[in-house]
Amino acid sequence: MLRDQICSRNELSFLMEAHDGLSAAIAERASFKGLWASGLSIACSLGYRDASEASWSQIVDAVERIVDSTRLPVLVDGDGGFGNFNNARLLARKLRQRGAAGVALEDSCFPKMNSFIGDRHPLADIDEFSGRLRAVKDTVAEDLVLVARIEALIAGHGMDEALVRASAYAAAGADAILIHSRRTAADEIVAFMRAWHNRLPVLIVPTKYYRTPVSVYRKAGISTVIWANHSMRAAIVAMRQVCNRIFAEENTAGIESNIATLDEIFEMFNYNELARAELRYQSPNPGQ
Ligand code: SPV
Ligand code: MG
């Protein structure tokens, strides 16, 4: 269960990014125990920017594909909730219907902009954002894990602001805090952990401070590491290489050994089951 993974005090857990059914299935086969439905990656896979260009219903549809293709719990990147408290609670209700296990809401304003673009995003008012969290909690209660994401460090507002926000969001009913940082070392994150005293479990997204060994996170008492966009970024490189080579070579013989076989696809999505079902449901006299 996602709640157990995130709230476990003694074990560091990991969520792998997924943006569609295929990336979810691959992450499950790599033995991950939970998924992060990344707003950036879903937007990218749809050909949109991570700037609220994909609608909330497109995100919900993408989450449904992810949920359908794996048994893993899915924490959904809900951005800021796509508006005010009312939009946020509607999003949460629809995510619950589609089988998500949790939602992360960030204290940004609509329309949002990816955290790593620019360096001083407007932050939501603390009370207004707390209202969004309370509305979601009142709507989905314990059915979804509610993660409150703090953009204060990312947006250059400093540690005191981040801590004030963490306390307010805990009081508003968040189950966990996601503290985001744009630094290339984990110093800010470790400093936050020292001051926060683990009053709620903390999730991190080490996209920029990727050189930090996970032992640092264990020692700091972090609950969950999110590998937020790496399947999507890997797919970009792989697809680009293949497209460039096929275009240049006007032949696919050279790249065959670098790409998945058709059998792999048939195995991954269990085509055998379909053949068995055909026998069972389409034969004239089943059982004879
Ligand atoms: C995402 O994966 O969409 C995230 C993480 O929100 S980040 O892009 O680092 O903001
Ligand atoms: Mg996002």
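Before any of the text, the structure's been laid out above.
Peer 1: How should the pairing of strand S3 (residues 74-77) be read in this particular structure?
Peer 2: Two faces belong to every sheet, and in a regular strand the side chains alternate between them. The two faces of S3 match: Val74 and Val76 on one face and Leu75 and Asp77 on the other face are all buried. Judged from the three bridges that link them, strand S2 (residues 35-37) and S3 form a sheet pairing that is parallel. Residue pairing across strands places Trp36 opposite Leu75, the latter belonging to S3. In the sheet, S3 pairs with strand S4 (residues 102-106) via three bridges, with the strands oriented parallel. Directly across from Asp77, in S4, lies its bridge partner Ala104.

Peer 1: I tried to follow the packing of aromatic side chains on my own but got confused; where do I start?
Peer 2: What characterises a pair of aromatic rings is the spacing of the ring centres plus the angle enclosed by the ring planes. If you walk through the whole model with that rule in mind, you get six aromatic pairs. Between Phe192 and Trp196 the ring centres are 5.9 Å apart and the planes differ by 20°, which places this aromatic pair in the stacked class. You can see Phe192 and its partner Trp196 sitting in helix H8 (residues 187-196), four residues apart, about one turn around the helix. The same class applies to Phe192 as to Trp196, namely buried. Between Tyr209 and Tyr217 the ring centres are 6.3 Å apart and the planes differ by 80°, which places this aromatic pair in the edge-to-face class.

Peer 1: Can you walk me through the state of the cysteines in this structure?
Peer 2: For the structure shown, the criterion picks out zero disulfides. Free cysteine: Cys243, not disulfide-bonded; nearest cysteine sulfur from Cys44 at 14 Å.

Peer 1: What exactly am I supposed to notice about the environment of Leu146 here?
Peer 2: When you line up the elements, Leu146 lands in strand S5 (residues 145-150). Owing to a relative accessible area of 1%, Leu146 belongs among the buried residues under this scheme. Spatially, the C-alpha atom of Leu146 lies 5.9 Å from that of Gly102, the residues being 44 residues apart in sequence. Once residues within four sequence positions are removed from consideration, Leu146 is found in contact with Val103, Leu105, Leu133, Val136, Lys137, Gly173, Ala174, Asp175 and Ala176.

Peer 1: For this particular structure, what's the right way to read the sheet that holds strand S7 (residues 202-204)?
Peer 2: To summarise the sheet geometry, strands pair through backbone hydrogen bonds and adopt either a parallel or an antiparallel arrangement. Pairing within the closed barrel is parallel, and its eight strands lie in the order S1-S2-S3-S4-S5-S6-S7-S8. Between one strand axis and the next, the sheet turns by 30° as a mean value, whatever way the strands run. Across the sheet, helix H10 (residues 230-249) is in contact with strand S1 (13-18) and strand S8 (224-227); its angle to S1 comes to roughly 40°.

Peer 1: Would you take a moment to explain the environment of Gly118 for this structure?
Peer 2: Along the chain, Gly118 turns up in the loop between S4 and helix H6 (126-140). Among the residues examined, Gly118 registers a relative accessible area of 48% and is labelled partly exposed. Residues Gly118 and Ala155, 37 residues apart in the sequence, show an inter-C-alpha distance of 8.6 Å.

Peer 1: For this particular structure, what's the right way to read a nonpolar patch on the surface?
Peer 2: There is a patch of nonpolar side chains on the surface, built from Leu22, Ile26, Leu262, Ile265, Phe266, Phe269 and Tyr271 and spanning about 640 Å² of accessible area. Elements with a contribution of two residues or more to the nonpolar patch: helix H2 (21-29) and helix H11 (262-268). Ranked by residue count, the leading element in the nonpolar patch is H11, at three residues. Following the sequence through the fold, Tyr271 ends up in helix H12 (residues 271-282).

Peer 1: Can you walk me through the site of ligand 1 in this structure?
Peer 2: Taken together, Trp36, Ser38, Gly39, Leu40, Asp77, Asn114, Ser115, Phe116, Arg149, His180 and Ala228 form the complete shell of residues around ligand 1. In the environment of ligand 1, an oxygen atom lies 2.8 Å from a nitrogen or oxygen atom belonging to the side chain of Asp77. Taking 280 Å² as the accessible area of ligand 1 by itself, protein coverage stands at 100%. The pocket occupied by ligand 1, as judged from atoms lying within 2 Å of grid points, is the second largest pocket. Its residues assigned to classes, the shell around ligand 1 shows four nonpolar, five polar and two charged.

What counts, and where the lines are drawn
- Residues numbered from 1 in each chain as written.
- Chains lettered and ligands numbered in written order.
- Predicted model: local features only at pLDDT ≥ 70, side-chain atom pairs only at ≥ 80, totals over all residues.
- Heavy atoms only, no water.
- Buried < 20%, exposed > 50% of the residue type's maximum accessible area, 1.4 Å probe, protein only.
- Helix = DSSP H or I, 4+ residues; strand = E, 2+ residues; numbered from the N terminus.
- Pairing = 2+ DSSP bridges.
- Phe/Tyr/Trp six-rings, centres within 6.5 Å; stacked < 30°, edge-to-face > 60°.
- Disulfide = S-S within 2.5 Å.
- Contact = heavy atoms within 4.5 Å.
- Axes fitted to C-alpha atoms, helices over the stretch in contact; angles between N-to-C directions.
- Patch = residues over 30% accessible without salt bridge, like charges linked within 9 Å, V, L, I, M, F, W, Y side chains within 5 Å.
- Areas by Shrake-Rupley, 256 points an atom, 1.4 Å probe, with all protein chains shown as cover.
- Salt bridge = Lys/Arg side-chain N within 4 Å of Asp/Glu carboxyl O.
- Near = heavy atom within 4 Å.
- Polar contact = N/O pair within 3.5 Å; in protein donor to acceptor, adjacent residues only side chain to side chain.
- 1 Å grid on protein atoms, 1.4 Å probe; cavity = no way out; pocket = protein on both sides within 12 Å on 5 of 7 lines; lining within 4 Å.
- Sits in = over half its atoms within 2 Å of the grid points.
- Nonpolar A, V, L, I, M, F, W, Y, C, P; charged D, E, K, R; others polar.

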